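Structural overview
Below are the chains, spelled out letter by letter.
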Amino acid sequence: MAAAAAWEFHLPLVPTDLLRDSGPGRYVVQDILPARELPPALTAFRAAFRAQGALAVLQHFDPIYSLLHHFQAVGIAVKEDALELMMQVASHHSNELPAILGDSGLSHSDRAAHLNTLKMNCYLLAGLVDAFEMDTCRNGLLEVDPGGKSKKNRTKTSGSVWEEEREPLLRLLMQLLQLDLCQLWGGSVVEEEFVSLVTGSCYRILENPSIGLQKYRATRETVTRLLAMALNHYDHQFNATLKITQMLQHFEHVASVFAQAVSLWATEYGLKSLVGELLREIGQKCTQDSTRDVSGMKGYAIFISELAEQIPALMLSNISVLLCHLDGESYMMRNAILAAMAEVLVQVLNGDQLEEAARGTRDQFLNILQAHVCDINGFVRSRVLQLFTRIVQCKALPLTQFQSVVSLAVGRLKDKSVVVVKNAIQLLAAFLSNNPFSCKLSCTDLAEPLKKEVQKLQEMRNHSRSAAAPAITPEEEWEAMLPEVRAATQQLFQPLQEEEEEVLEVEETVESMLEQITGLLRKLNYKSAARLTQKALCRFQGKEPFSGLAEENEEATILGVLKRLYTGSCPGENSEDSPHINSNPKTADIVPEEQPQTELIKQEMLVQYLQDAYNFSVKITEALSLISKMMYENCVSVVQEAIEFFVTVSQFGMPQALLGVRRMLPLVWSKEPGIKEAVLNAYRRLYLSPSGDSERARAQNLVHSLSLIMVDASLGTIQCLEEILSEFVQADKIKPAVIQLLWERFTEKSQCSELERRAAVMLLGMMARGKPEIIGSNLDVLVTVGLSDKVCEDYCLAQEVCNAISKLAGNPKPALGKNSAPFRLPQDHMLFGCLREAVSKGFARPDGHWIPFMEAAIKLIYQLAEGAEEICAHILQVCAQQALEKLQEADGPENTDPGISPSRVSGASSLPTFLLMHLVSLVGQVAVQHVAYLEVSVSAELRRRRVLREQEKNKKHPNSSAKKQRPQSTGNETTMEEELGLVGASADDTEAELIRNICETELLDGKHLFSAVVPLVLKICNNPGLYSDSALLAAAALAFGKVCMISSEFCDSHLRLLFTMMEKSTLPAVRSNLIIAAGDLAIRFPNLLEPWTSHLYARLRDPCPSVRQTAALVMTHLILKDMVKVKGQVSEMATLLIDPEEAIMGVAQNFFSELSKKASGYSGPFKRGEGLVEVESITRVESWRRTFISAQGNAIYNLLPDVISHLSDPDCGIEEESFHTIMRHLFSYITKDKQTESLVEKLCQRFRTARTERQYRDLSHCLALLPLSERGLHKLQDNFDCFADKLQDPAVYSCFQTVLARFRRAGSKPETKVLAEELEQKLSASRNRGLDSAETCQEGSQSPVPEPVKQKPTGSSRRQPLSTANRDEDFVTPQPRALRNHKRTQKRPPRKKAVIAFSSVEENSSEDELLGKLEEETPTKTTPITRSSVSRLR
């Protein structure tokens, strides 16, 4: 023992630490015994144990350590022998330790020896636990192998001893921990490594997935109690918290085990604080990581749910730390927290005797649950409905929440998820089964009794008013209340508990204070009334009734004041809020202060019961009748029923009805007349027949309801509502009282909030669309009130005023036959003076709402003003002058020239950021509105005046004009002009040329104001490092795009800058703005933008999702309007079908859906050709397109070859699985048999030019997606030689097998089945022949190359892919196409690699010939961005 005391056994972090000499006095394993020497070593250890007792391990530690080292190589018998021996040694030592620890004369050496023995025993036992558990888990995995029957039996035998010894070993460790082990450490705390060693064995056992089985229940309980000892006596709480959370994250099966364990520790061992620590640790887990760690979140969720079931009270006190996960990404965590709330509601916060605080918590939990009925995740919605079902079945839902929860359940009937709908129906069934009203819930059966009982109650109340006097005086009531009031007052002078503190606000006046105290007394809230009286005595000293009381102490003073207040109030006031009267405000008046009569109270309760039952029955009945109805179904009758459902629900006052009412708004644009009429009727019933006793009250209800819809409404919702209201106004359905009330709200004659005032202006503007005189007759009021000196206080209101006034502007393009002058206001009208003043004053103020207001104001000026350009020029000049003044103030007094200099403005780097942003935004808005003014308003006015002149001329000389016209043109020319629609085209072209010259030569020259400010815009765009503010750069980019709309010359010279910024800018807002600008420019100047189309498509691969979405929307509009070619690069749009962002994927799906409905034809803008005037207008382009194009068809069908060609290119970077996803979506639009047959032939022909195995597989997969008909199978048979040599590829062969299998399942004719069998035999034969050929080639690979190949020159072999047989044009009819394009083919450079390329316009060959000249004029010069950036760096 003395030798043992010379060294100390240190518990190692890893087993190999015991092999290294870490310093003097530390035990080191001398040698690791070979596996064959372990049995005799164990025998020697056993003999020493018999002779020396437990201390024998001090000399025989190394054999057991060696066994652990060779555990996998050692036999089963040796392992079991070692386990049995160590159990005996540790048990013997455990039995000896109580006497040793109780020996006060224990020497230091003996204590050290026993401490080393304890450590060694526990270390070896823990090592054996780890080894056996690892062996058990490994064998458990092997047992899954169905072919290992004997192996399974063998592993079962090897693990049986361990399963028998595992629980005794745990009991042995628990016996050791029950001892006062601190004595071995000299009375100090047991070292943490030792505790971790013992508890680590427990955690290691719990990691076994089978530990949750029923047969291991005793083991689980032992582990639980062993850990409880470590927690209670060895300060293991911190480590346990970390270990449990880690295990919950990595081992899903331990969640239930730990839930039971923690529940036991909290209830039996008093470890309640551990619950809070665990929940806090889980709550601190990052919610963003939850999507990546699904397994960990699932473990936490199970633990929280089951823990709440077992200890809901403790969960209630700690649940606040988990609420952050309700906003996280993991739906499982949300489900668990909501389930915990439901358990708390059922088991803790249930009953009518809850205190006020508990009632508030209950309501808060119910509100959270109701909010998550509309969770973004379908599993959460489904789980919440299940939880509400349990709450209702346990009768834990208060009656006050019945109606709202029923309403939410009805709302979930429209859910897209079938599971959610199913659970919603189950919840409604639970409501019906557990309703507190009646077993008969027929509206008809309840309506008549309710009417009778309400009439009876009214008679009883009328009788009680005129009859009895109070039987009990206030003084008598006070005497009865006095003991409780005195007890509540005495509590004021006792120490307050933290949870009992209540914050009571002291009113400003004595009268309001008296009202508050009296109300509290009537509600029997004596304690609050006494506390408030105590505060009032300090606040209102010397004021009645808080003065003149000379009582002996403060308690008597408070009681005196309370008595005076209660007995001094008139009898008519006391019963108004009496708790003894359950009045029904919906059905009757309030009963005066009288002695409550028993019969009257019973009658009131009966009426309330019948009323609630009636309301409940109506909602349930309507919900059940519409369970299967969904909103926005394809069936018209279903949509009409859904609309009727929301109308009915809204009439019953459900707050959720507003969502349904908003949701039906877009249906007003439906092409189905029945749906549109249903929406109009619904809104007519909802808003044009409001409740109210007077016209004024009905108008107020209508306006209030409409205002509610507009709160947080999107632009689309507002537009839909505007369409509906304009329809109503045109039909005279809106009463004058409604319009009058809206004007009163706007002018603040009727009290309302700022939001309601703004909504009133918006509603007036919507109605003015149907009847402009609503605005026109009160234009002065709008201007003086909305655009007066206070405009700077609310730019949002001023913006809506401008939008409302803009409704006065009619259609700038009048209908045919109407040549009336457009509505315009004189330049000196007060409206434009106010707008000038408002824009100029707000220019120098940093207000975020100024820019939207300015844009609305500038647009309004150009719409309504005579000489709008002069007004806007003045505004721009004044604002620029303000900017110069600010610049001079910043730079110093040396530069005082008031003139506007381009170089001066463009050097304004010292101006405030907001000022620069305001200036460039103003320039951009004026520029784009000025262009629109010239192109639309001025052009229309010129046309109108020309038509009037021609009409006047024809009236004066009706015959001469006709005579003069006849000899100028032959009959054939006139006919040609009429057919082409060119009558009057020369005059239109002259006017268009005039407008174009103004834009090209005047607007941006040195004389115009734009020339002074545009350099500033360009400088900001060219120097993003100098102007680093993101908002400024975004505004400048938008203004730059607007300025480019003015002139084609300016646009052409700055397109390089625009697209460089679009690609190189680091700000997503800048790139998005420039994409939108480029889309507008592509419509205005299609020829200029056509060479840059590839850069527009490139933004579809932008790393920022918002930019990709913007690019997708812009390209969708351009392609569907035929302003951009889709051949070739449309594959970029196809890649968005696999975009990770759901919104972008939706845009792409919508694009291809609309494209499939579009007739195929010429795609892309017309180019400038000889004798043709360049067409810049969308209308003109559409006119030319309709003239030249006659081919019709599915556009996606024509584009599919190009898409397949590009996406199957290895350089495209599309994975094979992603390619399959894209093709599945695109091929879903191929529905016609002729298209299918044609695609079969085209795809088969492409096998000839495909060069890689990936391309073979892609083509075969596309063939497998086509639903082949009998004729399609014939096409496949006819083109068999195209793909016969590719069938040796297993994937290609499998696709063809899939085609034939699908064809067989379709149940074709007998002769067709014979054809399919014949094709299958050919497929099999070709595949086998191909495999044999491949083997032959492999065997002959050492032979010399054949002579014909050697004789071919190298250059010829390189040029072979360019032969006419392999050209893109050689798709269906190679020989004619090759002859026609032979010269063009020779001129083209050789290709570096062969890719699948299609000619997608075989059906439109006539179109190619017709537009041949136009195609030859297509600009081929491009200006790459990379070259631009390099030159600029130089």
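Residues numbered from 1 in each chain as written. Predicted model: local features only at pLDDT ≥ 70, side-chain atom pairs only at ≥ 80, totals over all residues. Heavy atoms only, no water.

1. What to know about the overall build of the protein
Helix and strand counts for the protein come out as 68 helices and zero strands. Each of the 1434 residues in the protein was classed as buried or not, and the buried ones make up 48%. A separation of at least 24 residues holds for 74% of the contacts in the protein among residues at least 6 apart in sequence. Within the structure as shown, the protein displays about 70,900 Å² of accessible surface, and the carbon and sulfur contribution to it stands at 51%. (Helix = DSSP H or I, 4+ residues; strand = E, 2+ residues; numbered from the N terminus. Buried < 20%, exposed > 50% of the residue type's maximum accessible area, 1.4 Å probe, protein only. Contact = heavy atoms within 4.5 Å. Areas by Shrake-Rupley, 256 points an atom, 1.4 Å probe, with all protein chains shown as cover.)

2. With respect to the packing of aromatic side chains
Two measures describe an aromatic ring pair: the distance that separates the ring centres and the angle between the ring planes. According to the stated counting rule, one finds 18 aromatic pairs in the structure shown. Geometrically, the ring pair formed by Trp743 and Phe746 is edge-to-face, given 6.2 Å between the ring centres and 70° between the ring planes. Residue Trp743 and its partner Phe746 are located together in helix α31 (residues 736–746), separated by three residues, close to a single helical turn. Here Trp743 and Phe746 have matching classes, each one buried. When the ring of Phe1247 is compared with that of Phe1296, the centres are 6.4 Å apart and the planes differ by 40°; the resulting orientation is tilted. Of this pair, Phe1247 sits in the loop between α56 (1233–1246) and α57 (1253–1265) while Phe1296 sits in helix α60 (residues 1290–1305); the two residues are 49 residues apart in sequence, bridging distant segments of the chain. Since its relative accessible area comes to 2%, Phe1296 is described here as buried. Ring pairs connect the aromatic residues Phe9, Tyr27, Phe61, Tyr65 and Tyr123, which therefore count as one cluster. (Phe/Tyr/Trp six-rings, centres within 6.5 Å; stacked < 30°, edge-to-face > 60°.)

3. Quick notes on the environment of Glu477
With respect to the helices and strands, Glu477 occurs in helix α20 (residues 474–490). By relative accessible area, Glu477 is classed as partly exposed at 23%. Measuring from C-alpha to C-alpha, the distance between Glu477 and Tyr566 comes to 9.1 Å, with 89 residues separating the pair along the chain.

4. With respect to the environment of Leu1081
Following the sequence through the fold, Leu1081 ends up in helix α47 (residues 1068–1084). Taking the C-alpha atoms as reference points, Leu1081 and Ser1048, separated by 33 residues in sequence, lie 9.3 Å from one another.

5. A short note on the nonpolar core
Judged by nonpolar contacts, the single largest core of 222 residues is most densely connected at Tyr683, Ile805, Phe853, Phe1040 and Leu1276. Discounting chain neighbours no more than four positions away, the residues touching Phe1040 are Val1017, Leu1018, Cys1021, Phe1050, His1054, Leu1057, Leu1058, Met1061 and Leu1074. (Core = buried A, V, L, I, M, F, W, Y, C linked by side-chain atoms within 4.5 Å.)

6. A word on the packing of helix α22 (residues 526–539) against helix α23 (residues 554–568)
Where α22 meets α23, the closest approach of the two axes is 10 Å, and the angle between their N-to-C directions is 105°. One finds that α22 runs roughly perpendicular with respect to α23. Across the interface between the two elements, Ala529, Ala530, Thr533, Gln534 and Leu537 of α22 pack against Glu554, Thr557, Ile558, Val561 and Leu562 of α23. In terms of residue class, the contact of α22 with α23 is made up of six nonpolar, three polar and one charged. (Axes fitted to C-alpha atoms, helices over the stretch in contact; angles between N-to-C directions. Parallel < 35°, antiparallel > 145°, perpendicular 65-115°, else oblique. Nonpolar A, V, L, I, M, F, W, Y, C, P; charged D, E, K, R; others polar.)

7. A short note on helix α44 (residues 1010–1022)
Between its first and last C-alpha atoms α44 spans 18 Å; for 13 residues at 1.5 Å apiece the expected length is 18 Å, and the two agree. Of all the 13 residues making up α44, 10 are buried; the element is thus mostly covered by neighbouring parts of the structure. (Expected span 1.5 Å × (residues − 1).)

8. As for unusual backbone geometry
Its identity as a non-glycine residue notwithstanding, Asp732 has a phi of 55°, on the positive side. Looking at the element boundaries, Asp732 is found in the loop between α30 (715–730) and α31. Despite not being glycine, Asp1122 shows a phi value in the positive range, around 60°. Looking at where Asp1122 falls in the secondary structure, it is placed in the loop between α50 (1105–1120) and α51 (1131–1135).

9. Some remarks on the side chain of Thr1249
Mapped onto the secondary structure, Thr1249 falls in the loop between α56 and α57. Overall, Thr1249 belongs to the buried group, its relative accessible area being 6%. A polar contact of 2.8 Å, which involves the side chain of Thr1249, links it to the side chain of Arg1246. (Polar contact = N/O pair within 3.5 Å; in protein donor to acceptor, adjacent residues only side chain to side chain.)

10. Comments concerning the environment of Leu1089
Of note, Leu1089 is situated in helix α48 (residues 1086–1089). Note on Leu1089: relative accessible area 3%, which makes it buried. A sequence separation of 34 residues divides Leu1089 from Leu1055, and the C-alpha atoms of the two residues are 8.3 Å apart. Contact partners of Leu1089, with chain neighbours within four places excluded, come to Cys1051, Leu1055, Phe1059, Ala1078, Leu1081 and Ala1082.

11. Some thoughts on the confidence of the model for the protein
Averaged over the protein, the pLDDT score is 74; the fraction of residues at 70 or greater is 75%. Mean pLDDT across the elements of the protein bottoms out in helix α68 (residues 1425–1433) (33) and peaks in α47 (92). Here residues 144–158 is modelled with pLDDT under 50, and outside its nearest four sequence neighbours on either side it reaches eight contacts, counting other chains as well. Low confidence marks residues 1336–1434, where pLDDT is under 50. Its contacts with residues over four positions away, or in another chain, come to 115 contacts. (pLDDT = per-residue confidence, 0-100.)

12. Looking at the packing of helix α45 (residues 1030–1044) against α47
Taken N-terminus to C-terminus, the directions of α45 and α47 make an angle of 10°; their axes are 8 Å apart at the nearest point. As summarised for this structure, α45 and α47 are arranged roughly parallel, according to the angle between their axes. Taking contact as the criterion, the partners of Leu1033, Ala1034, Ala1037, Leu1038, Phe1040, Gly1041 and Cys1044 in α45 are, on α47, Ala1069, Val1070, Asn1073, Leu1074, Ala1077 and Leu1081. Taken together, the residues that form the contact of α45 with α47 break down as 11 nonpolar, two polar and no charged.

13. Regarding the side chain of Asp1139
Within the element layout of this structure, Asp1139 appears in the loop between α51 and α52 (1142–1157). Setting aside anything within four residues of it in sequence, one finds Asp1139 in contact with Arg1108, Ile1144 and Met1145.

14. Quick notes on the pattern of salt bridges
Counted by the stated rule, this structure contains 33 salt bridges. Glu268 is paired through a salt bridge with Arg225; the nearest N and O atoms lie 3.8 Å apart. On the criterion of sequence distance, the pair formed by Glu268 in helix α10 (residues 254–268) and Arg225 in helix α8 (residues 217–233) is long-range, its members being 43 residues apart. Arg225 sits in the partly exposed class, given a relative accessible area of 35%. A salt bridge links Glu837 to Lys841; the nearest nitrogen and oxygen atoms lie 3.6 Å apart. Here Glu837 pairs with Lys841, and both are found in helix α36 (residues 830–843), just four residues apart, close to one helical turn. Judged by relative accessible area, which is 42%, Glu837 ranks as partly exposed. Under the relative-accessibility criterion, Lys841 is labelled partly exposed at 38%. Salt bridges linked by common partners bring Glu941, Arg944 and Arg945 together as one network. (Salt bridge = Lys/Arg side-chain N within 4 Å of Asp/Glu carboxyl O.)

15. Structural notes on the state of the cysteines
A covalent bond between the sulfur atoms of two cysteines is what we call a disulfide. All chains considered together, the criterion is met by zero disulfides. Of all cysteine sulfurs in the structure, the one in Cys1295 sits closest to Cys1262, which takes part in no disulfide; the separation is 9.1 Å. (Disulfide = S-S within 2.5 Å.)

16. Concerning helix α35 (residues 795–805)
Three or four residues apart is the spacing at which side chains of an α-helix point the same way, because the helix has 3.6 residues per turn. Of all the 11 residues making up α35, nine are buried; the element is thus mostly covered by neighbouring parts of the structure. Of the residues making up α35, those classed as buried are Tyr795, Cys796, Leu797, Ala798, Glu800, Val801, Cys802, Ala804 and Ile805. The N-capping residue of α35, defined by a side-chain oxygen 3.2 Å from the backbone nitrogen of Cys796, is Asp794.

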